[in-house]
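# A closer look at the structure
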Amino acid sequence: MTELLLGTKKGLFALEGEPGSEFEVTSRAFAGEPVDFAMRDPASGRAIATVTSPFYGPKIWYTDDPAGEWTQAEGVALPEGGEHALERIWVIVAGEDGSLYAGGDPGVLFESRDGGATWELNRALWQHRLDEHWQPGGGGLCLHSIVPWPGEPDRLAIAVSAAGVWLTEDHGATWRRGNRGIVPRYLPEETKEEDVALCVHRMERAKRDPQRMFIQFHGGVYRSDDAGQSWNQIGSGLPSDFGFPLALDPSDPDSAYVIPLTGDFDRVTPDGCVRVYETRDAGTTWTPRGEGLPAAQAYLTVLRRAFDRAGEGSSLQLYFGATSGDVFGSGDAGCSWFTAATRLPPVFSVTASP
Amino acid sequence: MAVVCVHGPLRGLAGGRAEQEVAGATVHELLRGLEDLHPSVAGWILDERGVIRRHINVFVNGERGREETAVAAGDRVEVLPAITGGAR
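Here is a short report on the structure shown in this document. None of these values were measured; they are calculated from a predicted model.

### A few points about the overall build of chain A
- Looking only at helices and strands, one finds one helix and 28 strands in chain A.
- Dimensions along the principal axes, computed over C-alpha positions, put chain A at roughly 50 × 50 × 40 Å.
- Taken across its 354 residues, chain A has 50% of its residues classed as buried.

This is how it looks when you write it as C-alpha cells:
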C-alpha cells in the first residue's frame, strides 16, 4: 500500500492505494485552506503539513494521524521587529540525523530537531538574505529545494527562486553559492555573478552518488558532477527545457525525470499532451514516457513540489499532481502510467510513502 | 481596559472566550496584550513586524482601526477575518 499526501488549494488530502488502480481518499484536513506541502517524517512517522491561511498567515502543523487532531508547531516565524514577515512554507525535508528542514518565502530555512514540534531559523542564511539583493520569482522568494547529503548531516544544498543554489558543509553555520555554469536567458550576459537572480525551479541529489545533482531551471535542465559547485546543461532532446518538477531514481545516479511545459510564456504541457521525460544516461538522451497519460487536449500545469517517488529500481513508483486536480502514478519506473485521482482541488504538492 | 472580541479559530486560541478585557493604549498594544495573555494567539493577528495581517480587519467601536489607533477604557475592539476570496 502506498500513501500519498497531497497539498491542495483546498486542504490536505491523504490517499491510499496500489499502483495501477485508482487511489482512495482516506482523509482530508484543513478543509478550505491552502496546504502548500505535506509529508511523512521517516524518523517519527508523523505527518507534517504547511498551511498558509489567507487570514492568519503561514503555519506548520503535525500529527500522528492525518485524520485526527493536528498540533501547531512553534518557532515558525522570522525575528520580531524586523522588516520582513514569513509569507509561506514551501517544503519540508528530512535530514540525515533525524532533523527536519523547512524552506519558505522570503528565502528562509528552518530546522527542527524534535520531529517538527519546534523550529529554529537558520540565521547564517538569513543574514545573506538581509545583506544581499535577492530577487523573488513569480511565486515569491521561495526556498523550495533542500537536499541533504546521504550519511553526512553537516552537508546540505538548498535552492531559492530566484537566489540560486547555496551549499553548506558545516550544518548551516556558513553558506556559499553554487551557481557556476547556470545561464539565465532572462538576464543580460554582462550581469554580475553576485547580482544574478537565478530562478531554480527544483533541485535533487543522486542518493548513490551524492556529487551528482540535477536542476530543473527556469529555462534549462542542468547536471552537476561536483556537488553543486558547477553545472552543465543537459536539456537538449527535450521538447522544452522549461518546467518545474524533477524526480530521481535513488538506485541510479544517471537517472532523472522531468515534466516539460511549453515555456515560461505558456506553462502547460506542450501540444495538449502529457509526457514525463526520463534519462538513464545523466541527460545525454531523454525518452518520453506517456503510456497511460492523456495524449490530447490535456493542458496541465504541474508545480515544482507536485512530483515525488517511492521505492527504486524497476519497482520505482512515481506520482505527480496537476493544478487540474488530476493525479497520475506509475508503478514501473515510468514505463506505464495510471490515473490515481481526479477532480481534486488544484494540487500544489505530492509526497509518496510506501 | 478595552474589550477585545475575537471570532472563528481565534476564539479557541484566546482561551475559548469570545471577548475579554485587555490593557493597552493602542490597537497594537491591545493585540500584544492579548498575545501575552494567550501566547497561542502570537502570529495569528499580528505578523513578525507587528503589522495586522492583510486579511484581518480590526474595528474600534465600529470604526475601522489600524495598529496606531488609540483605545480607551471600555472601548470595544472587534477582530474579524476580512471578506476575501475570488483569487484562491
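### Observations concerning the nonpolar core
- Counting 104 residues, the largest nonpolar core has Leu6, Leu12 and Val350 of chain A as the members making the most contacts within it.
- Dropping the residues within four chain positions of it, Leu6 of chain A is found in contact with Leu12, Phe13, Leu15, Gly321, Val327, Leu344, Val347, Ser349 and Val350 of chain A.

### What about the pairing of strand 17 (residues 213-217) of chain A?
Residue and element names in this part refer to chain A.
- The buried fraction of strand 17 amounts to five of the five residues, a majority that puts the element mostly inside the structure.
- Both faces of strand 17 are covered, namely the face carrying Met213, Ile215 and Phe217 and the face carrying Phe214 and Gln216.
- Pairing of strand 16 (residues 200-205) with strand 17, which is carried by five bridges, proceeds in the antiparallel orientation. Across the sheet, residue Arg202 finds its bridge partner in strand 17, namely Gln216.
- Hairpin connection of strand 17 to strand 18 (residues 221-224): three residues between the antiparallel strands, including Gly219 at a positive phi of 95°.

### Here's the deal with the interface of chain B and chain A
- Taken together, the twelve residues of chain B in the interface contact 15 residues of chain A.
- Of the residues assigned to the side of chain B that touches chain A, the class counts are three nonpolar, four polar and five charged.

### A few points about the sheet that holds strand 20 (residues 242-247) of chain A
Residue and element names in this part refer to chain A.
- One open sheet holds the four strands; their spatial order is 20-21-22-23, and the pairing between them is antiparallel. Two strands bound the open sheet, and with one partner strand each, they are strand 20 and strand 23 (287-289). Recorded for the sheet is a direction-independent mean angle of 35° between the axes of neighbouring strands.
- Two strands pair when backbone bridges link them, and strand 22 (residues 276-279) and strand 23 are joined in this way by three bridges, in the antiparallel orientation. In the sheet register, Val276 faces strand 23, and the bridge partner there is Arg289.

### Focus: the sheet that holds strand 12 (residues 142-149) of chain A
Residue and element names in this part refer to chain A.
- With antiparallel pairing, four strands are arranged side by side in an open sheet as 12-13-14-15. Two strands bound the open sheet, and with one partner strand each, they are strand 12 and strand 15 (176-177).
- Examined bridge by bridge, strand 12 and strand 13 (residues 152-161) share seven bridges and lie antiparallel to one another. Bridged to Trp149 within strand 13 is Glu152.

### Quick look at unusual backbone geometry
Residues and elements named next belong to chain A.
- In this structure, the amide linkage connecting Asp105 to the following residue, Pro106, adopts the cis form with an omega of 20°.
- Within the secondary structure, Pro106 sits in the loop between strand 9 (100-105) and strand 10 (108-112).
- With a phi close to 55°, Phe30 is a non-glycine residue in the positive phi region.
- By secondary structure assignment, the location of Phe30 is in the loop between strand 3 (24-29) and strand 4 (35-40).
- Residue Gln297 is not a glycine yet carries a positive backbone phi of 50°.
- Its location among the elements puts Gln297 in the loop between strand 23 and strand 24 (307-310).

### Focus: helix 2 (residues 27-37) of chain B
All names here are of chain B.
- Along helix 2, the residues classified as buried are Val27, His28, Leu30, Leu31 and Leu34. Buried positions in helix 2, seen along its axis, are confined to an arc of 165° and lie on one side of it.
- Contact partners of the buried residues in helix 2: strand 1 (2-5), strand 2 (19-22), strand 3 (56-60), strand 4 (63-65) and strand 5 (76-81).

### Section: the pairing of strand 21 (residues 256-261) of chain A
All names here are of chain A.
- Strand 21 sits mainly inside the fold: six of its six residues count as buried.
- When strand 20 meets strand 21, the two strands line up antiparallel, connected through four bridges. Note on strand 21: the bridge partner recorded for Gly243 is Pro260.
- Relative to strand 22, strand 21 runs antiparallel, the two sharing three bridges. By the bridge assignment for strand 22, Ala256 is matched with Thr279.

Conventions and cut-offs
Within every chain, residues take consecutive numbers counted from 1 along the sequence as written. Chains and ligands are labelled by the order in which they are written, letters from A for the one and numbers from 1 for the other. Where totals are concerned, whole chains, interfaces and linings use all residues; where local detail is concerned, this predicted model gives features only for residues with pLDDT of at least 70, and gives and counts side-chain atom pairs only at 80 or more. A run of DSSP states H or I qualifies as a helix once it reaches four residues; a run of E qualifies as a strand once it reaches two. Both are numbered from the N-terminal end. Residues with at least 20 neighbouring C-beta atoms inside 10 Å of their own are called buried, those with 12 or fewer are called exposed, and the rest are partly exposed, where every C-beta is derived from the backbone. Joining buried Ala, Val, Leu, Ile, Met, Phe, Trp, Tyr and Cys residues through C-beta atoms within 7 Å gives a set, and that set is a nonpolar core. Any two residues are considered in contact once their C-beta atoms, placed from the backbone, lie within 7 Å. Strands pair, by our definition, only if DSSP identifies at least two bridges between them. Just so you know the grouping, Ala, Val, Leu, Ile, Met, Phe, Trp, Tyr, Cys and Pro go in nonpolar, Asp, Glu, Lys and Arg go in charged, and all remaining residues, Gly too, go in polar. Axis lines are fitted through C-alpha atoms, for helices just across the contact stretch, and the angle between N-to-C directions can take any value from 0 to 180 degrees. What the arc measures is the spread of directions leading from the helix axis to the C-beta atoms.

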